[in-house]
Amino acid sequence: RQVTVVGSGQVQGAPDTVTADVGIEVVAPDATAAMNQTSERQRSVIDALTAGGIDAKDISTTAVNLQPQYGENSAITGYRAGNSIQVKIRKLDAASAALATIINAGGNTTRINAVNFSIADDSTLVSDARARAFDDAKNRAQQYADLSGLSLGRVIAISEVPGEASPRPVQMPAPQSDAMAAAVPLEPGEQTVGFSVTAVWELT
């Protein structure tokens with residue numbers, strides 16, 4: 001005789017890291033010009049970020065693309081080049097200024113695809129969520145044991161499904177002019193780390 005229950009546990013934590021997915025996009029009459037202009041702008045963005053205190057290891061290229069642009073009668077009218085990077089900002093108070101730096105360096109060619117908040121080290125939160133999930137499962141099992149007039153025995157099996165602290169996205173519009181961008185307001189809020197556990201108890 002046994003009882004199988006599912007318990008869940010959640011813990012809230014404050015994000016401490018911002019990850020920005022940004023890119024440079026240029027359209028030019030020929031492929032070489034499009035790619036060169038894109039590369040130059042992206043280099044300016046990267047140099048500005050490192051000069052502003054972002055570690056080079058926290059900047060990584062995520063995509064490079066070059067596509068022809070077609071007009072009437074399928075004639076090629078130009079080329080669109082793109083270069084995207086992911087920037088990890090490890091200090092929340094530096095995130096707004098870093099985004100402004102990206103926009104100022106990239107100008108109208110800047111594309112901000114996503115800004116996500118995350119927790120760099122969520123090990124303590126995960127442990128707490130796991131403990132809460134198990135306690136929830138045990139309480140459920142104990143209730144079923146009481147309802148059936150039996151006693152809760154030893155644990156026979158445990159399996160878990162971890163829940164991730166999903167990054168909270170902030171959508172950013174592309175800049176419309178080459179005017180200097182002000183610091184971008186960002187509110188990290190809280191994130192939830194969750195766990196679900198399936199446990200089997202013996203009933204005696």
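Residues numbered from 1 in each chain as written. Predicted model: local features only at pLDDT ≥ 70, side-chain atom pairs only at ≥ 80, totals over all residues. Heavy atoms only, no water.

S.K.: In this structure, what is going on with the overall build of the chain? I would like to understand it.
M.R.: A count of helices and strands for the chain gives 3 helices and 8 strands. Listing the helices and strands of the chain from first to last along the sequence gives β-β-α-β-β-α-β-α-β-β-β. Expressed as a percentage of the 204 residues in the chain, the buried residues total 37%. In the chain, once contacts between residues fewer than 6 apart in sequence are set aside, the share between residues at least 24 apart is 84%. Split by element, the accessible area of the chain, about 11300 Å² in all, is 48% carbon and sulfur. (Helix = DSSP H or I, 4+ residues; strand = E, 2+ residues; numbered from the N terminus. Buried < 20%, exposed > 50% of the residue type's maximum accessible area, 1.4 Å probe, protein only. Contact = heavy atoms within 4.5 Å. Areas by Shrake-Rupley, 256 points an atom, 1.4 Å probe, with all protein chains shown as cover.)

S.K.: Honestly, the side chain of Thr19 in this entry has me stumped. Any pointers?
M.R.: Assignment of secondary structure puts Thr19 in strand β2 (residues 17-28). Thr19 gets classed as buried once you look at its relative accessible area, which sits at 12%. Residues in contact with Thr19, not counting those within four places in the same chain, are Gln86, Val87, Lys88, Ala114, Val115 and Asn116.

S.K.: Explain the pattern of salt bridges here, please?
M.R.: One side chain can pair with another of opposite charge once the charged atoms of both are near each other. Following the criterion strictly, the structure yields 8 salt bridges and no others. The closest approach of N and O atoms between Lys57 and Asp58, which form a salt bridge, is 3.7 Å. Note on Lys57: relative accessible area 60%, which makes it exposed. Note that Asp58 and Arg90 form a salt bridge whose closest N and O atoms lie 2.8 Å from each other. One end of the pair, Asp58, is in the loop between α1 (31-51) and β3 (59-70); the other, Arg90, is in the loop between β4 (76-89) and α2 (92-106), and 32 residues separate them in sequence. Ionic contacts of the salt-bridge type, sharing partners, join the residues Glu25, Arg80 and Arg111 into one network. (Salt bridge = Lys/Arg side-chain N within 4 Å of Asp/Glu carboxyl O.)

S.K.: In this structure, what is going on with the environment of Thr77? I would like to understand it.
M.R.: Examined against the element boundaries, Thr77 turns out to sit in strand β4. Spatially, the C-alpha atoms of Thr77 and Val27 are 9.9 Å apart, while their sequence positions differ by 50 residues. Not counting residues within four places of it along the chain, the set of residues in contact with Thr77 comprises Gln69, Tyr70 and Gly71.

S.K.: Honestly, the nonpolar core in this entry has me stumped. Any pointers?
M.R.: Ranked by internal contacts, the top residues of the largest apolar core, which has 23 residues, are Val22, Val45, Leu49, Ile59, Ile85, Val87 and Ile89. Setting aside residues up to four positions removed in sequence, Ile89 forms contacts with Asp16, Thr17, Val18, Ile54, Ala94, Ala95 and Ala98. Among the nonpolar cores identified, the runner-up in size contains 18 residues, and Val3, Ile119, Val193 and Phe195 belong to it. (Core = buried A, V, L, I, M, F, W, Y, C linked by side-chain atoms within 4.5 Å.)

S.K.: What should I look at first to understand the packing of α1 against α2 in this one?
M.R.: Helix packing for two helices is described by the angle between their axes and how far apart those axes are. Viewed as axis vectors pointing N to C, α1 and α2 meet at an angle of 150 degrees, and their least axial separation amounts to 8 Å. It follows that α1 is roughly antiparallel to α2 by the angle criterion. Crossing of α1 against α2: the hand is right-handed. Side by side, α1 and α2 meet where Arg41, Ser44, Val45, Ala48 and Leu49 of the first sit next to Ala98, Thr101, Ile102, Ala105 and Gly106 of the second. (Axes fitted to C-alpha atoms, helices over the stretch in contact; angles between N-to-C directions. Parallel < 35°, antiparallel > 145°, perpendicular 65-115°, else oblique. Left-handed = near helix turned anticlockwise from the far one by under 90°.)

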